Amino acid sequence: MVLLNRLLKEHDDSAEVHFFLGELYRLRGEKDDCENACSEYQKALELGGPLPEIYRSLGVVYLRMGKAKEACDSFEEYLKVNPDASDRQIIESYINRLR
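Residues numbered from 1 in each chain as written. Predicted model: local features only at pLDDT ≥ 70, side-chain atom pairs only at ≥ 80, totals over all residues. Heavy atoms only, no water.

Undergrad: Explanation requested: helix α5 (residues 68–81) in the structure shown.
TA: Residues separated by three or four positions in an α-helix point in the same direction, a consequence of the helix having 3.6 residues per turn. The terminal C-alpha atoms of α5 lie 20 Å apart, and with 14 residues this matches the ideal 20 Å at 1.5 Å per residue to within 8%. By the burial criterion, the buried members of α5 are Ala71, Cys72, Ser74, Phe75, Tyr78 and Leu79. Angular distribution of buried residues about the axis of α5 spans 165°; they occupy a single face of the element. Structural note: α5 exposes Lys69 and Lys80 on the side pointing more than 90 degrees away from its buried face. Elements that come into contact with the buried residues of α5 comprise α4 (53–65) and α6 (88–98). (Helix = DSSP H or I, 4+ residues; strand = E, 2+ residues; numbered from the N terminus. Expected span 1.5 Å × (residues − 1). Buried < 20%, exposed > 50% of the residue type's maximum accessible area, 1.4 Å probe, protein only. Arc of directions from axis to C-beta. Contact = heavy atoms within 4.5 Å.)

Undergrad: How should unusual backbone geometry be read in this particular structure?
TA: Glycine aside, residues mostly have negative phi, and peptide bonds are mostly found in the trans state. Positive phi values are uncommon outside glycine, yet Asp32 reaches one of about 70°. If you trace the backbone, Asp32 turns up in the loop between α2 (15–28) and α3 (33–47).

Undergrad: What am I meant to see in the state of the cysteines here?
TA: What the rule picks out here adds up to zero disulfides. No disulfide involves Cys34; its nearest neighbouring cysteine sulfur is the one of Cys38, lying 6.9 Å away. Sulfur of Cys72: no disulfide; nearest cysteine sulfur belongs to Cys38 and is 16 Å away. Residue Cys72 is classed as buried on the basis of its relative accessible area of 9%. (Disulfide = S-S within 2.5 Å.)

Undergrad: Explain the pattern of salt bridges here, please?
TA: Once their charged atoms are close, side chains differing in charge can pair, the charge on each being opposite to the other. Counted according to the given criterion, the structure contains nine salt bridges. The salt bridge partner of Arg56 is Asp87, with a shortest N-O separation of 2.9 Å. Of this pair, Arg56 sits in helix α4 while Asp87 sits in the loop between α5 and α6, and the two are 31 residues apart along the sequence. According to the relative accessible area criterion, Arg56 is partly exposed, its value standing at 27%. Lys69 is paired through a salt bridge with Asp73; the nearest N and O atoms lie 2.7 Å apart. Note that Lys69 and Asp73 are positioned in helix α5 at a spacing of four residues, about one turn of the helix. Here Asp73 falls in the partly exposed class, since its relative accessible area comes to 36%. Through salt bridges that share partners, Arg28, Glu30 and Asp33 make up one connected network. (Salt bridge = Lys/Arg side-chain N within 4 Å of Asp/Glu carboxyl O.)

Spelled out as structure tokens, the structure:
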């Protein structure tokens, strides 16, 4: 967390730094971390050029938050920008379950 915050001070316009900060929040799972992860992912998307995995991560966070439509939309976007995803079958199973 400390390293990412330092990087963020120097590179606030870096989509990758915001993405990885979102990943930290998503994986840590403390109070308000889902909301913080979403916020960081959205900043990364606004800055452009994000990794395709950002959509998968957003889907997971939305799923934890009980936001099925947003999760489904994010998972579908992930498969759209990453059609050869190695986890395609798993993501498709999430989408089918959410519909």
